Amino acid sequence: MGGVRRFSISVPSELAEPLDILIRTEGYANRSQAIAEMIRDRLIQHVAVSEKEEVIATITLLYDHHRLNLVERLTTTHHAFQEFIAATLHIHLDATNCLEVIVIRGNASQVRRASDALASLKGIRHAQTTLTAVL
Ligand code: NI
């Protein structure tokens, strides 16, 4: 493997202009680099869904720690998935809100179960999961 393969692609005009703006604002060297990055990102999601591939997920949770039993339920969920949770970062944002970033590693189905369990806890204001893999 390695090296590059050259091929031409066609995209609808309405995608071409926003793509060039994105390339400029995000600092990509050129269209090839930007599109390669998009393909890599899509492949990671696809591999994670279709294979028993090892993946790493970061899940970001925003919640009000005063919500009834939420912290206790969150801790219970952390312990239930402790073998997959590599690290947790907790920031007390203000008097009410907490931000937690949890790094989960395992095969795709294990990671998905853990992130779903955390994200679906009642009282979580916002949850976002990002999957990554070594490609
Ligand atoms: Ni806190």
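What you see is a predicted model; the values in this text were computed from it and never measured.

## Some words on the environment of Glu 14
Within the fold, Glu 14 resides in helix H1 (residues 13-26). With a relative accessible area of 60%, Glu 14 lands in the exposed category. As for Glu 14 and Gly 106, which are separated by 92 residues in sequence, their C-alpha atoms are 39 Å apart.

## Here we look at the environment of Ile 124
Note that Ile 124 resides in strand S4 (residues 124-132). By relative accessible area, Ile 124 is classed as buried at 15%. On a C-alpha basis, the gap between Ile 124 and Asp 64 in space is 7.4 Å, while along the polypeptide they are 60 residues apart.

## Some details on the side chain of Asp 64
Counting through the fold element by element, Asp 64 comes out in strand S1 (residues 54-64). Despite its burial, Asp 64 pairs with no opposite charge; the closest candidate is Arg 125, at 4.0 Å N-O. A polar contact of 2.7 Å, which involves the side chain of Asp 64, links it to the backbone nitrogen of His 66. Among all residues touching Asp 64, those that are not within four sequence positions of it are Leu 70, Thr 96, Asn 97 and Arg 125.

## What about the coordination of the nickel ion?
In this structure, His 90 (NE2), His 92 (ND1) and Cys 98 (SG) serve as the protein donors to the nickel ion, at separations of 2.0 to 2.3 Å. Sequence positions of the residues that donate to the nickel ion give the spacing H-x1-H-x5-C. For His 92, a relative accessible area of 63% gives the class exposed.

## Remarks on the nonpolar core
Grouped together as the largest cluster of nonpolar side chains are 22 residues, with contacts concentrated most on Leu 61, Tyr 63, Ile 102, Ile 104 and Leu 118. Considering each element in turn, this core owes the most residues, five residues, to S1. Every residue in contact with Tyr 63, bar those within four places of it in the chain, is listed here: Leu 70, Val 71, Leu 74, His 90, Thr 96, Asn 97, Cys 98, Glu 100, Gly 123, Ile 124 and Arg 125.

## Notes on the sheet that holds strand S2 (residues 85-92)
Spatially, four strands are ordered S2-S3-S1-S4 in an open sheet, and the strand pairing comes out antiparallel. Looking along the sheet, the strands with just one partner apiece sit at the ends: S2 and S4. Taking the axes of each pair of neighbouring strands and ignoring which way they run, one obtains an average angle of 15 degrees across the sheet. The sheet contact formed by S1 and S4 spans eight bridges and is antiparallel. Bridge pairing in S4 links Ile 56 to Thr 132. Along the sheet, helix H3 (residues 70-80) contacts S1, S2, strand S3 (97-107) and S4; its crossing angle with S1, the most-contacted strand, is approximately 170 degrees. The strands touched by helix H4 (residues 108-119) within the sheet are S1, S3 and S4, with S3 carrying the most contacts at an inclination of about 160 degrees.

Definitions and limits used
- Residues numbered from 1 in each chain as written.
- Predicted model: local features only at pLDDT ≥ 70, side-chain atom pairs only at ≥ 80, totals over all residues.
- Heavy atoms only, no water.
- Helix = DSSP H or I, 4+ residues; strand = E, 2+ residues; numbered from the N terminus.
- Buried < 20%, exposed > 50% of the residue type's maximum accessible area, 1.4 Å probe, protein only.
- Lys, Arg positive; Asp, Glu negative; His and termini not counted.
- Salt bridge = Lys/Arg side-chain N within 4 Å of Asp/Glu carboxyl O.
- Polar contact = N/O pair within 3.5 Å; in protein donor to acceptor, adjacent residues only side chain to side chain.
- Contact = heavy atoms within 4.5 Å.
- Donors = N, O, S within 2.8 Å, 3.2 Å for Na, K, Ca; no water.
- Core = buried A, V, L, I, M, F, W, Y, C linked by side-chain atoms within 4.5 Å.
- Pairing = 2+ DSSP bridges.
- Axes fitted to C-alpha atoms, helices over the stretch in contact; angles between N-to-C directions.

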